[in-house]
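# Overview (structure and organization)
The residues making up each chain are set out below.
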Amino acid sequence: MHELSLVMNLLELCEAEASRGGFDRIDRIVLEVGELSGVSLPALRFSFDVVARGSVTESAVLEIRETPGTGWCLHCEETVPLRDPLRECPACGSPGLLPTGGTEFRLCELVVRDRRTLEKSGKGVG
Amino acid sequence: MCVECGCGAPGHGVGGERRRGNVLPHHHQDHHEGEGHEGSGPGAFLPLPEEPEVNRTIRIGQDILEKNNRIARDNRDFFREHGLFVLNLLSAPGSGKTTLLERTISALGTTCPMAVIEGDQETSRDADRIRRLGVQAVQINTGAGCHLDAHQVAHAAGDLELFPGTVLVIENIGNLVCPALFDLGETARVVLFSVTEGEDKPLKYPRIFRGADLTLLTKSDLLPHLDFDRTRAESSLRGVNPRGEIIALSSRTGEGFGLWLSWLLAHREKAGSLPQARA
């Protein structure tokens, strides 16, 4: 259940951004989660629902962009699609590909709501 | 060594107080009062808002584990600068991590100074076992936590007296899933896989085995009593980690221990952690 720790880290990032940007509400959180990142999406959403309460993220929608996995085949010496770290190379069938893409777990953007009046006063914060 | 993690106030999100400071209602009240607002008695709540709410998008592009990774990088720098060889020891519960450490400490004796950070959900039993051998140990209890993170390790390392050339072993929480994701700043990762666990363990938990610099096949003295197929186990491992090394050993009989100790001392030397100034 490391997703809970991941969501706590995400929340810290959001709070820091809220402080820096002077907004008090996040409507949408856009994450990039790679196919080979080892993050379970159902567990991530579950943890988010628990942790987001009572915070700047309370009413935020979690938008998850999944990125495809890729691996380096030592035999073909090229990058091939890799859905699962255990799959063999789709071209030559050799095992043990080295994951090269789809391992990311990243906060891409926040859609936030603030008021025009706050935009000015918020600039000096952080 | 924990320089900038803000651990003086753990869990206090930087935006917290400002967010709860009722900034918006105050702001509006001032605004409307100045205009002689109609229709609301003294102290009544004013309808929100005439100021339009504005949505905007902030691009961030930050790795969510960045905080852990940053502290792990600091740890790694600290360990390197202080001439320490640091192992992150990982396995399922009961694969023999603490027993391996006990035997290793006894075998190395005074030839190689050691220190241990023990991670468990509860109790200081493992740290007590290590201290009984005259080696410094710090226990981290994670409570509900399922893994150690770099921040905890930074603090634990700060509680130890560490000298150049010391092998610092971080015994992670017994768990084959979560600890794989958290870099602690270690020099090398060692994963234990006991022969009672089934040959396909690496296929079921590929992530942790893929990151191993060395996999120890432990409890090898039990092999005559089991149907465990060592060749199949090693090919499962190779499937997920073609480059890592494998050593079979028994902490009970000492079989294979020579190879493990040689690996440890060779890598300690390679990491440049031997004391520099020797007469």
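Below or above, wherever it landed, is the structure these notes cover. (Residues numbered from 1 in each chain as written. Chains lettered and ligands numbered in written order. Predicted model: local features only at pLDDT ≥ 70, side-chain atom pairs only at ≥ 80, totals over all residues.)

What follows deals with the overall build of chain B. Within chain B, the regular secondary structure consists of 10 helices and 8 strands. Relative to its full complement of 279 residues, chain B shows a buried share of 38%. Long-range contacts, defined here as pairs at least 24 residues apart, represent 74% of the contacts in chain B between residues at least 6 apart. (Helix = DSSP H or I, 4+ residues; strand = E, 2+ residues; numbered from the N terminus. Buried ≥ 20, exposed ≤ 12 C-beta atoms within 10 Å, placed from the backbone. Contact = placed C-beta atoms within 7 Å.)

Helices and strands together make up the secondary structure of chain A, namely 3 helices and 6 strands. Each helix and strand of chain A, placed in order from N terminus to C terminus, yields the pattern α-β-α-β-β-β-β-β-α. For chain A, buried positions account for 39% of its 126 residues.

Another point: the nonpolar core. Within the largest apolar cluster, 56 residues are counted, with the highest numbers of intra-cluster contacts made by V116, I117, V153, V169, I170 and V191 of chain B. Setting aside residues no more than four positions away along its own chain, V169 of chain B makes contact with L87, L89, L101, M114 and V116 of chain B. If you look at the next biggest cluster of nonpolar residues, it comprises 22 residues, including L11 and I29 of chain A together with I64 and L65 of chain B. (Core = buried A, V, L, I, M, F, W, Y, C linked by C-beta atoms within 7 Å.)

It is worth spelling out the sheet that holds strand β6 (residues 188-194) of chain B at this point. Consider a sheet: its strands pair through backbone hydrogen bonds, and that pairing is either parallel or antiparallel. All names here are of chain B. With parallel pairing, 7 strands are arranged side by side in an open sheet as β4-β3-β5-β2-β6-β7-β8. Taken across any chain shown, the strands that pair with only one partner, and hence form the sheet edges, are β4 (136-141) and β8 (245-248). Each strand of the sheet is rotated relative to its neighbour by a mean of 20°, with strand direction disregarded. Looking at chain direction, strand β2 (residues 85-90) and β6 are connected through 4 bridges and run parallel. Within β6, the position partnered with L90 by the bridge is V191. (Pairing = 2+ DSSP bridges. Axes fitted to C-alpha atoms, helices over the stretch in contact; angles between N-to-C directions.)

Residue and element names in this part refer to chain B. With respect to the helices and strands, F79 occurs in helix α3 (residues 66-81). Given 24 C-beta atoms within a 10 Å radius, F79 is considered buried. Note: C-alpha distance between F79 and D126 (47 residues apart in sequence) is 23 Å. Residues within four places of F79 in sequence aside, it is in contact with L84, V86, G185 and T187.

Here we take up helix α6 (residues 150-158) of chain B. Side chains that are three or four residues apart share a direction in an α-helix, a result of its 3.6 residues per turn. Taking burial as the measure, the 9 residues of α6 of chain B include 7 buried ones, the bulk of the element. Elements in contact with the buried residues of α6 of chain B: α3, β3 (114-120), β4 and β5 (167-171) of chain B.

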